[in-house]
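Listed below are the residues making up each chain.
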Amino acid sequence: MSSLKLQTVERALIVLEMISEKPQTLKEIQTELNLDRTTTSRLIASLMERGYIERDPATNIYSVGLKVVHLASKKLNRLELQTEASPLLQELSFMLNQVCHIGILTDGKVCYVDKVQPQSPIPLISYIGKLSNVHSTALGKVLVSELSDTQITALLESAGMEKQTQHTITSINCFLNEIRQVRANGFAFDREENEANVWCIAAPIRDYRSHIIAAISTSGPKPIDIEKIIEPLRTCAQKISKRIGYDEYTI
């Protein structure tokens, strides 16, 4: 990155810090940055266009925009999710004696934010922070199940549908059919689609708005005992959801 771009980024961050402490006018921001009016106006316009700051039309005072609030809430949600979910995830993992994960959707990928591994697990390539494909994982299927078919199609066209195993779904139409089953059942399967000889089942974690913000999964060697696993998995997902504000009776 050029020094000019770095300087612009630094100035933008200074503006955000300034107005988070005290909303200010364009003149005040210009004076603080020691810039000419044109340069300051361009900087402000860029930040406004992205939603990071907003202007009160009555006073011409700039303050922090909703985009900053949105980013902060995502971070807080993730921290809250991990704090509330971790003991329940451990409980589920040891109950089933299987690897359990929590994942979120990040830029069209599944990001593992927590993992519990019992003493004698099957070897898995997952780890906290790892990004995996949406189309080949049970977590991914659950995480996109709330999106429209059009949104899912756009996501898959952008991310691609790489063949992980001989069982991986690589057709958008076939994947959409799979998602319709996920929506109907309330859970998703990965039948050796991401790793050979590994089956996964995932269920949604919902927030206070009933939106799917994460998913929980458990993985085991085929054939996985679905009847033994599905109810504890769904119960764990429901408990986590309630801990972060979901109330099925008020939706």
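Residues numbered from 1 in each chain as written. Predicted model: local features only at pLDDT ≥ 70, side-chain atom pairs only at ≥ 80, totals over all residues. Heavy atoms only, no water.

**Student:** What's the story with helix α2 (residues 26–33) in this structure? I'm lost.
**Tutor:** In an α-helix there are 3.6 residues to a turn, and that puts residues three or four apart on one side. Every buried residue of α2 is listed here: Leu26, Ile29, Gln30 and Leu33. The arc that holds the buried residues of α2, viewed along the axis, is 100°, so those residues lie on one side. Away from its buried face by more than 90 degrees, α2 exposes Lys27, Thr31 and Glu32. Just downstream of α2, Asn34 is the residue with a positive phi angle, here 60°. (Buried < 20%, exposed > 50% of the residue type's maximum accessible area, 1.4 Å probe, protein only. Helix = DSSP H or I, 4+ residues; strand = E, 2+ residues; numbered from the N terminus. Arc of directions from axis to C-beta.)

**Student:** Could you clarify how one ought to interpret the sheet that holds strand β6 (residues 131–132) in this entry?
**Tutor:** Read from one edge of the open sheet, six strands run β6-β5-β4-β9-β8-β7, paired in antiparallel fashion. Edge positions in the sheet fall to β6 and β7 (188–191), since each has one partner strand and no second. Examined bridge by bridge, strand β8 (residues 198–206) and strand β9 (residues 212–221) share nine bridges and lie antiparallel to one another. Looking at β9, one finds that Val198 is bridged to Pro221. In the packing of helix α8 (residues 226–243) onto the sheet, contacts are made with β4 (99–106), β7, β8 and β9, and the angle to β8 comes to roughly 30°. (Pairing = 2+ DSSP bridges. Contact = heavy atoms within 4.5 Å. Axes fitted to C-alpha atoms, helices over the stretch in contact; angles between N-to-C directions.)

**Student:** What is the right way to read the packing of aromatic side chains from this model?
**Tutor:** Each aromatic ring pair is characterised by the separation of its centres together with the angle its planes make. Per the stated rule, a full pass over the model turns up one aromatic pair. Plain terms: the ring middles of Phe187 and Phe189 are 5.5 Å apart, the flat faces sit at 90° to each other, and that makes the pair edge-to-face. For Phe187, a relative accessible area of 14% translates into the label buried. (Phe/Tyr/Trp six-rings, centres within 6.5 Å; stacked < 30°, edge-to-face > 60°.)

**Student:** Looking at this structure, I do not really get helix α7 (residues 172–185). What am I missing?
**Tutor:** Compared with an ideal rise of 1.5 Å per residue, which puts 14 residues at 20 Å, α7 spans 20 Å between its outermost C-alpha atoms and is within 8% of the ideal. Taken residue by residue, α7 has Phe175, Leu176, Glu178, Ile179 and Val182 as its buried positions. The buried side chains of α7 occupy one side of the element, clustering within an arc of 160° when seen end-on. In α7, the exposed positions that point more than 90 degrees away from the buried face belong to Asn173 and Ala184. Buried residues in α7 make contact with α5 (138–144), α6 (149–159) and β7. The distance from a side-chain oxygen at the start of α7 to the backbone nitrogen of Asn173 is 3.4 Å, and the residue carrying that oxygen is Ser171. Positive backbone phi, approximately 85°, marks Gly186, located one or two places after α7. (Expected span 1.5 Å × (residues − 1). Polar contact = N/O pair within 3.5 Å; in protein donor to acceptor, adjacent residues only side chain to side chain.)

Keep in mind these values describe shape, not function.
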